[in-house]
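The primary structure of each chain is shown beneath.
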Amino acid sequence: MSWYDIFPLVSTSFILISGILVAIGWRLIIKGKREAHEKVMVGAAIAASCFFIIYVSRTIFIGNTMFNGPESLKNVYLAFLLFHIVLATVAAVFGITTLTLAYRKNFAKHRKWGRTTAKIWFATVITGVTVYVLLYLCYPGGHTKPVINAIFG
């Protein structure tokens, strides 16, 4: 298995772990276990951050994978990918806001934001794993030129 194969698997694993931890954290707070909820949600944030660092590093130094499926599915895939990217961006902003509210002990707002953030995050995780399956399992393809090479030649 090459670095080209390992990075996407590891980054997708981190995003999946993050989603699972958010689900566990949600369950813990429903049961009134605030301290455990806090620890699990910090773990979810760390896993999501690890994903982001690996994803950005891979984009810069290795490149992103192009869709290699049938031409008839390319536009559907690109629309799905765009939906995932928008979801991920919104989820990141909402996640940072939700964590900040908790850190500032503004639990009334944190609770409201958290419900919405978790739902958006679950959708992001599901669409992210689907993108991985399409790119690396169903229709494995080549990768683009690394961004760093595109910038510096």
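The name given to the protein in an unreviewed UniProt entry is Membrane protein, and the organism recorded there is Cohnella abietis.

Student: Help me understand the overall build of the protein, please; the structure alone is not making it clear to me.
Tutor: The helix and strand tally for the protein stands at five helices and zero strands. Each helix (α) and strand (β) of the protein, taken in turn from the N terminus, gives the series α-α-α-α-α. Residue burial in the protein is summarised as follows: out of 153 residues, 29% are buried. Contacts in the protein between residues far apart in sequence, at least 24 positions, make up 75% of those at least 6 positions apart. Accessible area of the protein: about 9700 Å², with a carbon and sulfur share of 70%. For the protein, the distance from the average position of its 15 positive side-chain charges to the average position of its 4 negative side-chain charges is 14 Å.

Student: I'm lost on the environment of valine 129 in this one. Help?
Tutor: By the secondary structure assignment, valine 129 is in helix α4 (residues 107-138). Looking at valine 129, the relative accessible area reads 24%, which means it is partly exposed. Not counting residues within four places of it along the chain, the set of residues in contact with valine 129 comprises Thr12 and Leu16.

Student: Teacher, can you tell me more about the pattern of salt bridges here?
Tutor: Where charged atoms of side chains with opposite charge meet at close range, the side chains can pair. This structure, assessed with the given rule, holds one salt bridge. Its salt-bridge partner being lysine 39, residue glutamate 35 comes within 3.5 Å of it at the nearest N-O pair. With glutamate 35 and lysine 39 both in helix α2 (residues 34-61) and four residues apart, this pair spans about one turn of that helix. According to the relative accessible area criterion, lysine 39 is exposed, its value standing at 58%.

Student: Sorry, what's going on with the packing of helix α3 (residues 71-103) against α4 here?
Tutor: A packed helix pair is summarised by two numbers, namely the angle formed by the two axes and the spacing between the axes. Following both chains from N to C, one finds α3 and α4 inclined at 150 degrees, their axes separated by 7 Å at the closest point. The angle between the axes of α3 and α4 places the two elements in the roughly antiparallel class. As for the relative orientation of α3 and α4, their crossing is left-handed in sense. Among the residues making up the contact of α3 with α4, the classes are represented as 19 nonpolar, twelve polar and one charged.

Student: Can you walk me through the environment of leucine 21 in this structure?
Tutor: Mapping leucine 21 onto the fold places it in helix α1 (residues 3-30). You can call leucine 21 partly exposed: its relative accessible area is 21%. Sequence-wise, leucine 21 and alanine 45 are 24 residues apart; in three dimensions their C-alpha atoms are separated by 9.0 Å. Setting aside its immediate chain neighbours within four residues, leucine 21 contacts Val40, Met41, Gly43 and Ala44.

Student: What's the story with the packing of aromatic side chains in this structure? I'm lost.
Tutor: A complete count under the given rule lists six aromatic pairs for this structure. Note on tryptophan 26 and phenylalanine 122: the rings are 6.0 Å apart at their centroids and 10 degrees apart in plane angle, and the pair reads as stacked. Pair noted here: tryptophan 26 is in helix α1 and phenylalanine 122 is in helix α4, with a separation of 96 residues, a long-range link. Since its relative accessible area comes to 23%, phenylalanine 122 is described here as partly exposed. Ring centres of phenylalanine 94 and tryptophan 113 lie 4.9 Å apart, and the angle between their planes is 55 degrees; this geometry places the pair in the tilted category. Here the residue phenylalanine 94 occupies a position in helix α3, and tryptophan 113 occupies one in helix α4, the gap between them amounting to 19 residues. Among the residues examined, tryptophan 113 registers a relative accessible area of 32% and is labelled partly exposed. Among the aromatic residues, those joined into a cluster by ring pairs are Phe67, Tyr77 and Tyr139. A cation over a ring is seen here: arginine 34 above phenylalanine 107, with NZ or CZ 4.7 Å from the ring centre.

What counts and how
Residues numbered from 1 in each chain as written. Predicted model: local features only at pLDDT ≥ 70, side-chain atom pairs only at ≥ 80, totals over all residues. Heavy atoms only, no water. Helix = DSSP H or I, 4+ residues; strand = E, 2+ residues; numbered from the N terminus. Buried < 20%, exposed > 50% of the residue type's maximum accessible area, 1.4 Å probe, protein only. Contact = heavy atoms within 4.5 Å. Areas by Shrake-Rupley, 256 points an atom, 1.4 Å probe, with all protein chains shown as cover. Lys, Arg positive; Asp, Glu negative; His and termini not counted. Charge placed at Lys NZ, Arg CZ, Asp CG, Glu CD. Salt bridge = Lys/Arg side-chain N within 4 Å of Asp/Glu carboxyl O. Axes fitted to C-alpha atoms, helices over the stretch in contact; angles between N-to-C directions. Parallel < 35°, antiparallel > 145°, perpendicular 65-115°, else oblique. Left-handed = near helix turned anticlockwise from the far one by under 90°. Nonpolar A, V, L, I, M, F, W, Y, C, P; charged D, E, K, R; others polar. Phe/Tyr/Trp six-rings, centres within 6.5 Å; stacked < 30°, edge-to-face > 60°. Lys NZ or Arg CZ within 6 Å of the ring centre and 35° of its normal.

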